[in-house]
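Coordinate analysis (summary)
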Amino acid sequence: MAFALPSSLSPHVCVLSSPDLEQLLRASSLPPLEDILQSFSPLPQVTTRTTNLVTVAHSTFAIRFSNLIDVENACLEDEEKRSARIIDWIGERIDRQCPKWVADLEKDSARDSERSPWWDELRRCLEGDNVPSKTEGWNHPVSIILAVSTTAPNPLQAVTTLHSRTLEFPSWVDTSHLVCTLIVHPSTSALSDEEAAALFNAVKKQYGVHVYLLPLILPSPPPPPVSIPHLLPQLPPPPLDVEQHDINGNLTSTLSNTRESLVARPNSLRISEGDIQRTVRFTREFVVMSLVPWMERRVIEWNEVYSSSRRLPSRLFSSTRRLFGSGISTPQTPVHTSSTSLSSLPARSHTYSASQTSLSGPSFSLPPPSQQRRLAEFATILGDHKLAIGVWESLQKEGKGGSDILPMLLSPSPATTLHVTQSLSAIFPSASELPAHAQFQALKYAVRWETSISHNDFLSDTLEGERWLVWAAGNSEETPTALLLAHAALLSARKQAKRRAALWYFFAASKLQKCGIKPLAMYLLRRAHEILSDRPRKLLSPSFWESQGTIASQNAGFNAALSGVEHPLGRLLYATGEIRGAIKLFLGLLRWSSTVSAREKTGDGDNEEFLDSDKSYLEDFTVAVSYLKSVSGQEVHLNDLIIPVKFAVPASGRLILRGDTVGGGVSEWERMEETWRSFWKPRGKETLEKSGKAVIGDSFWVEVVLYNPLDADVTLANLTLIVEAQGHDCDWLSRNVQVERIDEITLHAKENRPVSLAVRVSEASTLVITDFGYEFLGLLTAKESLARRGRRLQDTLQQRLTPTYAPDIFIKAAIEDDNLELDVSFATVEPLVFLEGEYRWVEMRLSNIGSRAIGEVWLLAGPEDQISPYCPSAEISRKFLLRNLAGVLFTDNKLPRWTPYNIRLEEELQPSEVIRTTLIWRPVRSANQRICLMFVYREREGCTFYYTRVTKSYEINPCLIVSAKPYTTPLKHHPFQVNVEISNTGSTALRVTQLTTISPVWQCSPLHLLSSAPLQPAQSANFSLAAFPSEDKDCIGKTHDFVARTLGNVLSGREVESGNPPPLYLSCNHTFSGEDHLPLLNPAISHLYLCGRRNVIASSMARSHPHIPTASRSSIFPFYNPLSLDILVFWEIPSEQRCGFTLLSSLILGPSHGALQEIIGDAEQAKVKRSMYAETQREKTEMLQSIRNSEWNAESNPLVVSVEDGLVMEHDFDKGGCLAYVTFTLRNYSLTHPSRYILRFNPSLSRNAAVGPLNLLAPRYIGPLLVRGCLQPSESSSVEARLWVSRPGIYALCGWEVEVEVSEPWLDGSKTSWRTRHRYVQGSPAECCPYFTVNGLPRPHT
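Residues numbered from 1 in each chain as written. Predicted model: local features only at pLDDT ≥ 70, side-chain atom pairs only at ≥ 80, totals over all residues. Heavy atoms only, no water.

Now for the overall build of the protein. Counting its secondary structure elements, the protein contains 33 helices and 56 strands. Within the protein, the fraction of its 1342 residues that count as buried is 48%. A fraction of 77% describes how many contacts in the protein between residues 6 or more apart in sequence connect residues 24 or more apart. Of the roughly 64800 Å² of accessible surface on the protein, 51% is carried by carbon and sulfur atoms. (Helix = DSSP H or I, 4+ residues; strand = E, 2+ residues; numbered from the N terminus. Buried < 20%, exposed > 50% of the residue type's maximum accessible area, 1.4 Å probe, protein only. Contact = heavy atoms within 4.5 Å. Areas by Shrake-Rupley, 256 points an atom, 1.4 Å probe, with all protein chains shown as cover.)

This is the structure we're talking about:
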């Protein structure tokens, strides 16, 4: 990359002028000699040579001239204090000039095309610093020019005096410098030209060849001024007589200024053209003939020393120039190329090494820069980059610096950035606050890098030099570091990294605002705002914006950072008096509230700042508006201000009529409406509409849902509605419409609150509610539209291509003269508290509050609600009850659906008439503990239906828990026994009055009487039932065939038939604890029981078969499993006049035989259709598994073996062993399938073996050891086994095994074909096996 040496790294030449020369220049209206010489720098076309004698051509060669006394005094100032003064001085200069800069830039449209003036000013201020530093040698003097004039009384003595002067530099200043003598010979001098030449030769003979004679005319009066480049600004000297102290507080020195006051450096010279030419000639001769050759000589000498210290031992290699030459061996590092030319070196040079004044204090005990560093610096200045890079890298490896220079010399690479970070980390301490000297050093590094590296390389992706400026800025809050960030932002904007540029602009503005430089801070904030407001072009499909519901042109782009820029910008505008602009910004900040809230959810540590942002915006807006009104008066117009947030939610707005203020979820009411429509569709075409309309003179309400999107409380005042009347003007509205106005409400952060506003109309019309009006914070009047966007139109091709919507939807209210309206309420208003399972008679109050009669009323409840119209017990005769205590119920065995009930009206319900009706209600536990009832009514047949709603909350307390466990018995008349356990979990004693069993197949009879004693809390009662099958068993096979057929259609993907399952007759058996009883044939109780069972079956289906649609379940699964047994336990609390029943509906008696195994096998063997969706295949697998595990596919061994247990016999073993006979009973408990068996006895058991945990004796079977048989459904048989007993003891009845084969049912009683369906193997129990005892007879006494 092209390398341009910054002027701050050019040779530093100090000038010491004699008093007579200073007086001569002042008399000629000229500045000091160092300023005159500086105006001719840089010199064009200067050639230097490397250590390898390669010429390097410099298009420009800069030289810095300064006053020697000023530099000596500046070296005595504390470095930390001087750095702090420089930083403050730069800030003052920026603050003084920035208003003009900002004004000029505001007029320029291309703001990113040129360098910013504040960056140029910062660079000039830093490059103008020429005071030597303790850490680097760039500002250490390379040469000292001792200048005298021939106007002195004794010019030779003046030269001698200057040469004899002792340099007052500290010990850490390098003493290697070239001393030159300059004799200025003006035309007004008393010496002639020959005398001046003689003086020149004398001085040259005494002090060396570096002596120059500069003849000048210096006419009087001075000629017109000639413009020169602006000289670099320099830090003013410290206040006069500043005392310096060491760390112990002792006085070390006193500083004094050489100039009485700071005078601005000139930008013109009053000098003639001839004098200009002569001065230029001198400057060039001094550089080319003296300074450059001297520096080249020093580089050669120092390089010899440096090379010799790094050569290998001479025993291995020769170190002579013949083999290695005079140059050093450096690694092959990329260097900057430059053109070279030949030049000759001077023959001799003169080096001055003056003695140093002894200065005490620790700050002056430091050594000067090392010779190796000076070598690197001189090589860099002379353009010997190969040598310079090698020495700098060596210094960098030794930790002695060089990382700040290498980025300017090396080609762009990732390693360059590492050098930058290393150089900055070396000067930045670990503490949070940076010292002034570290800030100043980082500033110099950053300016050097930006100035010396080419623009393209500096901004390349390899270097990303703009980041270097940010790193150099650190966390300092000073003006120069803010300018670093501002320039980094400018460079990023040129790279089109606009988001990064905006961020750095914002940081720079924040620092400048803290420093009090408001004009520039405001400008930078505006630049950041412009960048963030620039919407980047996004090449996205139009379908993307359509899917997001936004318009591409309205996309705000990267808007998350705009609020952080606009807020401080608004405060600056307010502070500078631009109140209206500040108000607009503060109000516009509220539009980013949603962005801040989304950022808050991420869990960052700065959540509190985001939460307080909206509150701060509102406070600033309130203060600004209040101040504007106080200044401009209350008549100030703020109509151009638009609130960027919306508080009203149009989609949630609704019209509320009298009677609509009921609870319940929207989905519940919608489900009821759909239930009614499905119910009435086959009966008529009348539609269902919402009950009632607004009536003249009666109030109705418009509910507006207000949502506060801000993270702060917001006050809205004077809330009202803006309405329009179809066909009427504003005068009619003012006379006939009254709209409620709410004075003030406060919405908390993120609060969602419905607000109802009453409207009353005195004439029939149709009102359209268009807008919602309010005063924001009581300061700004606003209104929001309540219209909802219409549906998307897709009727035509153009509508499908271009999003087109139907007209907006407004809230409308039709006001009529008369209406049809029914009001329903519970007769009791106190809270309802139920026991679980309790049913209660509830009275409802029906009132006609409309103007027309009502002739038909229907009742709808939820699908889980158990409610029925009341059937008086007097309608059921006592004789009928006694005759049907053990009755039969008929069912179509189809899952019942909830259907509306017709409430009988003896006559039409006239206006203002009230009737009462009674319902039986058995509440169930639910999530919300609330019943929702819908009453549908109409005037007469053929009229439209209307509905009204009512809700009631209730509470359910625990009462009874019923559990049952079935057992098989060997008895023929009741093969099963069911033990029922009843537990009182409530807090009140109750009495069990009745126990009822319901089953399609099983009939039950009590094994003992039901106790009539009260069941106390936390007590349990047991009750046993004997279960035996009824005569009708064909329903089992028919029902299983129906389920197999319907589920087979489901698994094969065929359409499910809408047929009904086979009907069933339910056997009902009752057990009473007294004379009072309530049989199940009561229609109300029967309905409550069916509702309870429906809830149990529906929830079980939903859990077991989630992939089968709800609407299809009633056509697939029957309501009753033929083997099921339901148990109802009726109870009462006479003291509280409460009664109810508890249902147990999950009991299955008898074995099943896998009725679905055929369709499951067919589904598994069928050819599977591949699906591209894994979810579809997974659902099919889960559906098949749920059918396999269902109760309809249950399978169990129907044969049970019972062994005669506990037999005791006696025998006289003196006569030998005996035979024992034990009966084995085998029973087929299946009601449909025959079974055959093979009973095997094991004769190989050892008689000494111990059996079981009780160590019983092993049996020894004799006689037939293999018994075969066949059992019909519910048939049993007995087998007598013979055992040989050889000694007394307890013998275990083990060692037998039975193999069972279950056949398909025999059709028409035919036993010719046997098809095995299942096989089972059953052995003797390993533990608790039956046994028999054989006792020996006692021997007679002799």
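Let's shift gears to empty space enclosed by the protein. What the rule picks out here adds up to 12 cavities of 30 Å³ or more. Empty space within the largest cavity amounts to approximately 190 Å³. Forming the boundary of the largest cavity are 18 residues, of which Glu79, Arg82, Val131, Pro132 and Ser133 lie nearest the centre. Looking at the lining of the largest cavity, the elements with two or more residues in it are helix 3 (68-76), helix 4 (79-106) and helix 14 (436-452). When the residues that make up the lining of the largest cavity are grouped by side-chain class, the tally is 7 nonpolar, 5 polar and 6 charged. (1 Å grid on protein atoms, 1.4 Å probe; cavity = no way out; pocket = protein on both sides within 12 Å on 5 of 7 lines; lining within 4 Å. Points joined across faces, edges and corners; volume = space filled by probe spheres on them. Nonpolar A, V, L, I, M, F, W, Y, C, P; charged D, E, K, R; others polar.)

The next thing to look at is the sheet that holds strand 43 (residues 1138-1148). An order of 31-41-38-42-43 is seen for the 5 strands of this open sheet, with the pairing classed as antiparallel. Taken across any chain shown, the strands that pair with only one partner, and hence form the sheet edges, are strand 31 (888-891) and strand 43. On average, each strand axis in the sheet is tilted by 25° relative to the strand beside it, whichever way the strands run. Bridge count for strand 38 (residues 991-999) against strand 42 (residues 1124-1133) is 7 bridges, and the pairing is antiparallel. By the bridge assignment for strand 42, Arg991 is matched with Glu1132. On top of the sheet, helix 30 (residues 1083-1104) reaches strand 38, strand 42 and strand 43; it is set at about 45° to strand 43, its chief contact. (Pairing = 2+ DSSP bridges. Axes fitted to C-alpha atoms, helices over the stretch in contact; angles between N-to-C directions.)

The next thing to look at is the packing of aromatic side chains. Two aromatic rings, taken as a pair, are described by how far apart their centres are and by the angle between their planes. Following the criterion strictly, the structure yields 39 aromatic pairs and no others. Judged by centre distance (4.9 Å) and plane angle (75°), the rings of Trp680 and Phe945 are edge-to-face. One end of the pair, Trp680, is in helix 25 (residues 666-680); the other, Phe945, is in strand 35 (residues 945-957), with 265 residues separating them in the sequence. Side by side, Trp680 and Phe945 carry an identical accessibility label, which is buried. Clustering of aromatic rings is evident, with ring pairs tying together Phe621, Phe647, Phe772, Tyr774 and Phe776. Between Arg922 and the ring centre of Phe1141, over which it is positioned, the NZ or CZ distance is 4.2 Å. The positively charged end of Arg949 is found above the aromatic ring belonging to Trp669, 5.1 Å away from the centroid. (Phe/Tyr/Trp six-rings, centres within 6.5 Å; stacked < 30°, edge-to-face > 60°. Lys NZ or Arg CZ within 6 Å of the ring centre and 35° of its normal.)

In this section: the sheet that holds strand 37 (residues 976-984). Read across the open sheet, the 4 strands follow the order 36-37-40-39; overall the sheet is antiparallel. The sheet is open, and its two borders are formed by strand 36 (960-968) and strand 39 (1002-1006), each paired with just one other strand. Each adjacent strand pair in this sheet contributes to an overall mean axis angle of 30°, direction not counted.

Our focus in this paragraph is the nonpolar core. Counting 183 residues, the largest nonpolar core has Leu520, Phe700 and Phe776 as its most contacted members. Examining the composition of this core, we find that 11 residues originate from one element, helix 8 (residues 273-309), more than from any other. Once residues lying within four places of it in the same chain are set aside, the contact partners of Leu520 are Ile94, Cys98, Val102, Trp118, Leu483 and Leu512. Listed in part, the 68 residues of the second largest apolar core include Leu889, Leu895, Leu995 and Ile1159. (Core = buried A, V, L, I, M, F, W, Y, C linked by side-chain atoms within 4.5 Å.)

Turning our attention to the layout of surface pockets. Estimated volume of the largest pocket: approximately 1400 Å³. Lining the largest pocket are 46 residues, with Pro863, Glu864, Arg1094, Asn1095 and Ala1098 sitting closest to its centre. For the lining of the largest pocket, a count of residues per class yields 21 nonpolar, 14 polar and 11 charged.

To continue, consider the confidence of the model for the protein. Per-residue confidence for the protein averages 83 on the pLDDT scale, and 85% of its residues sit at or above 70. Under a pLDDT of 50 for its full length, residues 245-262 has, in the predicted model, 39 contacts with residues more than four places off or in other chains. Taken together, the stretch residues 873-885 has pLDDT below 50 and engages in 13 contacts with residues farther than four places along the chain or on a different chain. (pLDDT = per-residue confidence, 0-100.)

Here we come to the pairing of strand 2 (residues 43-49). Pairing between strand 2 and strand 3 (residues 55-61): 6 bridges, direction antiparallel. Considered in strand 3, the bridge of Arg49 is made with Thr55. Counting the residues in the hairpin turn of strand 2 and strand 3 gives 5 residues, including Leu53, whose phi is positive at 65°.

Bringing unusual backbone geometry into the picture now. Of note, the amide linkage connecting Ser41 to Pro42 takes the cis form, showing an omega dihedral of 5°. Along the chain, Pro42 turns up in the loop between helix 2 (33-38) and strand 2. The backbone phi angle of Asn893 is positive, close to 60°, even though this residue is not glycine. Its place among the elements puts Asn893 in the loop between strand 31 and strand 32 (901-903).

So, about the pairing of strand 21 (residues 765-776). Here strand 21 lies mainly inside the structure; 10 of its 12 residues are buried. Here strand 17 (residues 714-725) runs beside strand 21; their pairing, made up of 8 bridges, is antiparallel. Residue pairing across strands places Leu721 opposite Phe772, the latter belonging to strand 21. With 5 bridges joining them, strand 21 and strand 25 (residues 811-816) adopt antiparallel strand pairing. Counted as the bridge partner of Leu767 is Ala813 from strand 25. As paired elements, strand 21 and strand 22 (residues 780-785) share 6 bridges and run antiparallel to each other. Within strand 22, the residue paired with Asp771 across the bridge is Ser785. Counting the residues between successive antiparallel strands, the hairpin from strand 21 to strand 22 contains 3 residues, one of them, Leu777, with a positive phi of roughly 60°.

This paragraph deals with the pattern of salt bridges. Applying the stated criterion across every chain, the model contains 46 salt bridges. The partner of Arg1319 in a salt bridge is Glu1301, with the nearest N and O atoms 3.4 Å apart. With Arg1319 in strand 55 (residues 1316-1323) and Glu1301 in strand 54 (residues 1296-1303), the pair connects residues that are 18 residues apart, well separated along the chain. When salt bridges with common partners are traced through the structure, they connect Glu136, Asp174, Arg373, Arg374, Glu377, Asp404, Lys444 and Arg448 into a single cluster. (Salt bridge = Lys/Arg side-chain N within 4 Å of Asp/Glu carboxyl O.)

With that out of the way, let us pick up the packing of helix 4 against helix 14. Where helix 4 contacts helix 14, the axes come no closer than 8 Å and their chain directions differ by 60°. Taken together, helix 4 and helix 14 sit at an angle that is classed as oblique. With respect to the hand of their crossing, helix 4 and helix 14 are arranged in left-handed fashion. Across from Glu79, Glu80, Ser83, Ala84, Ile86 and Ile87 in helix 4, the residues of helix 14 making contact are Ala436, His437, Gln439 and Phe440. When grouped by side-chain class, the residues that make up the contact of helix 4 with helix 14 number 5 nonpolar, 3 polar and 2 charged. (Parallel < 35°, antiparallel > 145°, perpendicular 65-115°, else oblique. Left-handed = near helix turned anticlockwise from the far one by under 90°.)

Turning our attention to a nonpolar patch on the surface. Among the surface-exposed residues, Val888, Phe890 and Tyr1065 lie close enough to one another that they form a single nonpolar patch of about 350 Å² accessible area. When its relative accessible area of 52% is taken as the criterion, Val888 is described as exposed. (Patch = residues over 30% accessible without salt bridge, like charges linked within 9 Å, V, L, I, M, F, W, Y side chains within 5 Å.)

Counted at 1.5 Å a residue, the expected span for helix 19 (residues 518-533) with its 16 residues is 22 Å, and the 22 Å between its end C-alpha atoms agrees. When we look at burial in helix 19, the residues that qualify are Leu520, Ala521, Met522, Tyr523, Leu524, Leu525, Arg527, Ala528, His529, Ile531 and Leu532. Looking at the buried positions of helix 19, the neighbouring elements they touch are helix 4, helix 5 (117-127), helix 17 (479-494), helix 18 (498-515) and helix 21 (562-575). (Expected span 1.5 Å × (residues − 1).)

Within the fold, Ile642 resides in the loop between helix 24 (607-632) and strand 13 (648-656). Measuring from C-alpha to C-alpha, the distance between Ile642 and Thr781 comes to 9.3 Å, with 139 residues separating the pair along the chain.

Attention shifts here to helix 13 (residues 414-427). Burial in helix 13 covers these residues: Thr416, Thr417, His419, Val420, Ser423, Leu424 and Ile427. One side of helix 13 holds all its buried residues, which, seen down the axis, span an arc of 155°. Exposed residues lying more than 90 degrees from the buried face of helix 13 are Pro414, Leu418 and Ala426. Elements in contact with the buried residues of helix 13: helix 11 (385-397), helix 12 (406-409), helix 14 and helix 16 (465-473). (Arc of directions from axis to C-beta.)

Assignment of secondary structure puts Ser1152 in the loop between strand 43 and helix 32 (1157-1165). With relative accessibility at 12%, the residue Ser1152 sits in the buried group. Ignoring sequence-local partners within four residues, the contact set of Ser1152 consists of Leu1123, Ala1194, Glu1195 and Ser1196.

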